[in-house]
Amino acid sequence: MSMFLCGLAFGSGGKIIRQQFAAYFAQGGPNSAAERYLASIDEDGTWADIDYASQRRGNWPTRNHLDRLADMASAYADPASVFHRDEGMKQAVLRGLDHWIQNDYRNPNWYNARIGVPYRLGSALVLMGDAVPAEMLQAAQPIFGRSELGMTGQNKVWCAGIGIMKGLLYADSELLGRAVGEVWSELQVSTGEGIQPDWSFHQHGPQQQFGNYGLSFGDDMVQWAYVLRGTEYALAGEKLEVLRRYLLEGPSWILWNGRMDLSGCGRQVDRGCQQRKARSILRQLEGMKKIDPRFRDDYQLRLDSFSGRNGGAAGRNSIVGFKPFWRSELAVQRRPDWYASVKMSSTRVVGSESCNSENVLGLHLGDGVLLTYIDGREYENIMPLWDWKRLPGTTCDQGLETLLPKTLEGYGGSDFSGVIGCGETGAAAMIYKRGGLTARKSWFLFQDGIVCLGAGISGETAGSVFTSVEQSRLAGPVSRADGGVLHGGIRYEFSEGEPVVKTGTVTGDWGSCFPARGSVPAEGGVFSLWLDHGKSPDGARYAYRICPSGDSADVQFKAEIVANSESVQAVRCGDVLYAVFYEAGKLDAGPAGEIEVDGACLLYTDGRRIVAADPAHALELLAVRVNGRVYQVELPRGAERGKQVEVQ
């Protein structure tokens, strides 16, 4: 007799949970993969194309055995599947499970023992339900015994999810209840690992993880909310509100035309990552329509805007605005027909990491990367073709020998980094320091384009210093006229600095930037545009504008550069003025009058209101003088440091 749910140990609730577990995994529709796996599994429960001897720490290929079994078990449990309760499928899955349990494959990465293996094994066993013999469940106990409740952030959620499955499999209602409580306990806003006050997600320290741990967090929360709905363990109240706000105001903001912004993907910048990760977010939003039906229209609006059905090249995006993720030093600008993001780092925020042979060239991914999208394919699978010392938006020493983002090197070198925004416009700024090079860099994002300013570019360097304006997939011809460069529907205009343009076919290998996936040759056309400041520059500057609707005569980007110095950078567009004060000082802002501040800050004014932010997280009070009138600004403290405030 199977031990699954021990008959009536959980009453009808256990049956409902198992049914909803199977229904959740069946949402992807007909499982053609399961049919392929059934056809290719050997009599001993193995597959010929899986490396069972591998000890690779990242993307462990042996674990594919359990992934396939979970797919097959899902097809077996799905009432709509042709394999529902199919005897052949049942016996194949049981052979595969028995093979794994008897051989107990292990890996040197702790994650696989505590999370990866028991999570996938548990999923397959729960899906198989009462088809699993009691002796198989007993034999699997040592594997499950390596996973315990605990840890933090998404690791805690994974461990708790395994606890839920163990509670179901071994009829342990006490464990089930504790594990559910552990899962829901992470639906909170904090400054530790997990959901941040700005609705970004941190893991491995203060590091934006929308596309890695944050993606799995959303997957698991939606999964368990779906599986446990209608039972005593259902998600509700304030916890449900936190999940809703995280999904609507966090990761869904970085999707464009069916793809995740590459700056949101974390260290997993491997082949196909943008579309794969976007599909996960879209599944989460789809699942929330059933979990949280009162807000169905909000989820559907994002699904329509972000999936490609009504966004990017397929139409016009209806989620428009500027989003300042101030806890993660990330700025996002969404327009009806284009998208841009700026990703920075500081002494407080990690810009990039490498782990398990992933992202071994990503040192500069948090050094002011500016990515601009129209159709969403601008950077798709460009990683093996990129020159990683010329990431778009960055100012870098071309003589650096290593680009591996180790833990400490992943932080920025300065405490000045921040974002500010009001409605449909915003700005981001940082003092860049890496090695011997420093620069004052700012980005001003308006409705019709972006102004990029750099000043004080100085330091002893090993090679020439380049500011990369763009490095994207080659999308048609490149033309130059009137001091500008036009490519892929985007116009680049330069008021300081003479750009270098390079186009052509580039060859590369995925193994160079993402060894975890092995050696895979790549080739494609690349468009590159940069400014050369020379070796060891002293006070170099740049100023350029990006017009994503640059090939349209109907769009005129009328932004005016007000200042570009080491002390202040400012841009006005219509009535809106954004200023970056790197120190206390004055600015003659023309129609906005004279502005004076007594400390470093980011400032916005439109003639009717003033908004300020402290990018160095050092001030408690800021005095702002506008045309002789002084405003005392009380800046946020504690967990709210860096957040913008409106001057009263």
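Before reading further, recall that the structure is shown in the block above.
Attention here is on the structure that accompanies the text. (Residues numbered from 1 in each chain as written. Predicted model: local features only at pLDDT ≥ 70, side-chain atom pairs only at ≥ 80, totals over all residues. Heavy atoms only, no water.)

Points about the overall build of the chain
Right, so step 1: When helices and strands are counted, the chain shows 13 helices and 30 strands.
Right, so step 2: Compactness check: the chain gives a C-alpha radius of gyration of 26 Å against a globular reference of 26 Å for 648 residues, within 12% of the reference.
Right, so step 3: In terms of overall dimensions, the chain has a C-alpha envelope of 85 × 55 × 45 Å along the principal axes.
Right, so step 4: In the chain, buried positions account for 61% of the 648 residues.
Right, so step 5: For the chain, the share of sequence-separated contacts (at least 6 apart) that also reach a separation of at least 24 residues comes to 65%.
Right, so step 6: A total accessible area of about 24000 Å² is found for the chain, and carbon and sulfur atoms account for 46% of it.
Right, so step 7: Computed over 67 positive and 76 negative side-chain charges, the inter-centroid distance for the chain is 2 Å. (Helix = DSSP H or I, 4+ residues; strand = E, 2+ residues; numbered from the N terminus. Rg over C-alpha atoms; globule rule 2.2 N^0.38 Å. Buried < 20%, exposed > 50% of the residue type's maximum accessible area, 1.4 Å probe, protein only. Contact = heavy atoms within 4.5 Å. Areas by Shrake-Rupley, 256 points an atom, 1.4 Å probe, with all protein chains shown as cover. Lys, Arg positive; Asp, Glu negative; His and termini not counted. Charge placed at Lys NZ, Arg CZ, Asp CG, Glu CD.)

Thoughts on the pairing of strand β13 (residues 450-458)
Right, so step 1: Burial within β13 is extensive, with 9 of its 9 residues counted as buried.
Right, so step 2: Of the strand pairs in this sheet, strand β12 (residues 437-445) and β13 are connected by 7 bridges, and their pairing is antiparallel. Bridging across to β13, K441 finds its partner in G454.
Right, so step 3: In this structure, the hairpin formed by β12 and β13 is closed by a connection of 4 residues.
Right, so step 4: Pairing between β13 and strand β20 (residues 540-547): 6 bridges, direction antiparallel. Residue pairing across strands places I457 opposite A540, the latter belonging to β20. (Pairing = 2+ DSSP bridges.)

These results come straight from atomic positions and should not be treated as a statement about function.
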